[in-house]
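Descriptive structure summary
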Amino acid sequence: MPLGLAGVMLATAAQADLALTFPGPATETFAETEEFGSYKLPVGPYSDGFVQTLVAEGRQITRAWRIDVGVGTSLVVMDSLRQQLEATGFELLYECTTNVCGGFDFRFNTDVLPEPVMHVDLGDFRFLSAQRLGNAVPEYVSLFVSRGAESAFVQMVLLGSPDESSLTAKSGGKIAQINPIIPNVSFGSVTELLLRDGHVVLDDLQFETGSSALGEGKFLSLVDLSEYLKANPEIRIALVGHTDAEGSLQGNVNLSRKRAQSVATRLTKEFGIPSNQMEADGVGYLAPRANNLSDEGRTLNRRVEVIITSTQG
């Protein structure tokens, strides 16, 4: 393998191992194997409210990588991976680019790992699905490829392999380290919801009644959000504080503003997010999401919400 390329090999059915080589040093950001999974494999674009799929079942291997490539688009990466799949006996079922796939609607109606393990540029992504028959167990694979500022991102879902998976990843002759940012990742992360809805509550933050101090600890919502903001410096956000209904309106507005500001301060000091990428304010108890008559409701109302306000730096 040439220096600087990254390769991975997955033991699949007896016909041929699936070996992928990436056009640059790669870091694995996610790895999961399910003994029996059920996956809606896209085989058509988003149209009339849904994505055309077929249900593939069997051993499910999900992997994601971040690849260091300074130039080019998602096309460069996908073309290489497609050729490698075809060389190991896979036949294309469907392939599309951003607009042909269905853009935003395709991306959010397809299983894609959340930021930061899988970044998706809604203006530059590619998808393909393929099958390999001829063995006792049919195999299906999907690839989702997109670009960040200096990196490419690849998600692979492989269904139907009866054998124990064997994965190696090399970068310039060294083993690439698994990204430790999020130890347990599930669809619907903070960034996933933020991109889908334009706003999301940072539910794992902790504030006591009457206090603007953000609790100690490594809140995963801030880890997720900070990685997205670092990868997308053109994005601006607003942090909006909320309180329960105990006390005066003006006092709670001030308190909620301080809570939002404490989150912004944590993002700057701990994660290095520029202060000019964020603004912070509060609305007190004017936008409750639960009844203030119970302890549970008041707890839910003490929160900070993040909103995307601009894509201009």
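Above: the structure in question.
Computed from a predicted structure; not experimentally measured.

In spatial order, the strands read 3-4-8-7-6-5; together these six strands make up an open sheet with antiparallel pairing. Looking at which strands have only one partner, the edges of the open sheet turn out to be strand 3 (26–47) and strand 5 (91–97). When strand polarity is set aside, the average angle formed by the axes of neighbouring strands in this sheet is 25°. Sitting on the sheet, helix 1 (residues 74–87) touches strand 4 (50–68), strand 5, strand 6 (125–132), strand 7 (139–147) and strand 8 (151–159), and the angle it makes with strand 7 is about 165°.

Bringing unusual backbone geometry into the picture now. The backbone of Asp 48 sits at a positive phi, close to 55°, despite the residue not being glycine. Its place among the elements puts Asp 48 in the loop between strand 3 and strand 4.

Attention shifts here to the pairing of strand 8. For strand 8, the buried fraction is high: nine of the nine residues fall into the buried class. The two faces of strand 8 match: Ser 151, Phe 153, Gln 155, Val 157 and Leu 159 on one face and Ala 152, Val 154, Met 156 and Leu 158 on the other face are all buried. Here nine bridges tie strand 4 to strand 8, and the two strands are oriented antiparallel to one another. When the bridges of strand 8 are listed, Trp 65 appears paired with Val 154. Of the strand pairs in this sheet, strand 7 and strand 8 are connected by eight bridges, and their pairing is antiparallel. Looking at the pairing, Leu 143 lines up with Met 156 of strand 8.

This paragraph deals with the packing of aromatic side chains. Under the counting rule described, the total for this entry stands at seven aromatic pairs. On the numbers, 4.5 Å between centres and 45° between planes, the contact of Phe 104 with Phe 108 is tilted. Between Phe 106 and Phe 144, the aromatic rings sit 6.4 Å apart at their centres with planes inclined by 35°, giving tilted as the arrangement. One end of the pair, Phe 106, is in helix 3 (residues 103–107); the other, Phe 144, is in strand 7, and 38 residues separate them in sequence. Pair check on accessibility: Phe 106 and Phe 144 agree, each one buried. By way of ring pairs, the aromatic residues Phe 106, Phe 125, Phe 127 and Phe 144 are connected into one cluster.

Right, let's get into the side chain of Arg 59. With respect to the helices and strands, the residue Arg 59 is situated in strand 4. Engagement of the side chain of Arg 59 in a polar contact is seen with the side chain of Glu 35, the distance being 2.7 Å.

With that settled, the discussion passes to the pattern of salt bridges. Scanning all chains against the criterion turns up twelve salt bridges. Across the salt bridge formed by Arg 63 and Glu 28, the nearest N and O atoms sit 3.9 Å from each other. Pair noted here: Arg 63 is in strand 4 and Glu 28 is in strand 3, with a separation of 35 residues, a long-range link. Neither residue differs from the other here; Arg 63 and Glu 28 are each classed as buried. A salt bridge links Arg 298 to Glu 246, with the shortest nitrogen-to-oxygen separation between them at 3.4 Å. Of this pair, Arg 298 sits in helix 7 (residues 295–301) while Glu 246 is found in the loop between strand 12 (236–242) and helix 6 (249–271), placing the two residues 52 residues apart along the sequence. Assessed through its relative accessible area of 15%, Arg 298 is described here as buried. The exposure class of Glu 246 is partly exposed, given its relative accessible area of 44%. Connected through salt bridges with shared partners, the residues Asp 79, Arg 82 and Glu 95 form a single ionic network.

Criteria and thresholds
Residues numbered from 1 in each chain as written. Predicted model: local features only at pLDDT ≥ 70, side-chain atom pairs only at ≥ 80, totals over all residues. Heavy atoms only, no water. Pairing = 2+ DSSP bridges. Helix = DSSP H or I, 4+ residues; strand = E, 2+ residues; numbered from the N terminus. Axes fitted to C-alpha atoms, helices over the stretch in contact; angles between N-to-C directions. Contact = heavy atoms within 4.5 Å. Buried < 20%, exposed > 50% of the residue type's maximum accessible area, 1.4 Å probe, protein only. Phe/Tyr/Trp six-rings, centres within 6.5 Å; stacked < 30°, edge-to-face > 60°. Polar contact = N/O pair within 3.5 Å; in protein donor to acceptor, adjacent residues only side chain to side chain. Salt bridge = Lys/Arg side-chain N within 4 Å of Asp/Glu carboxyl O.

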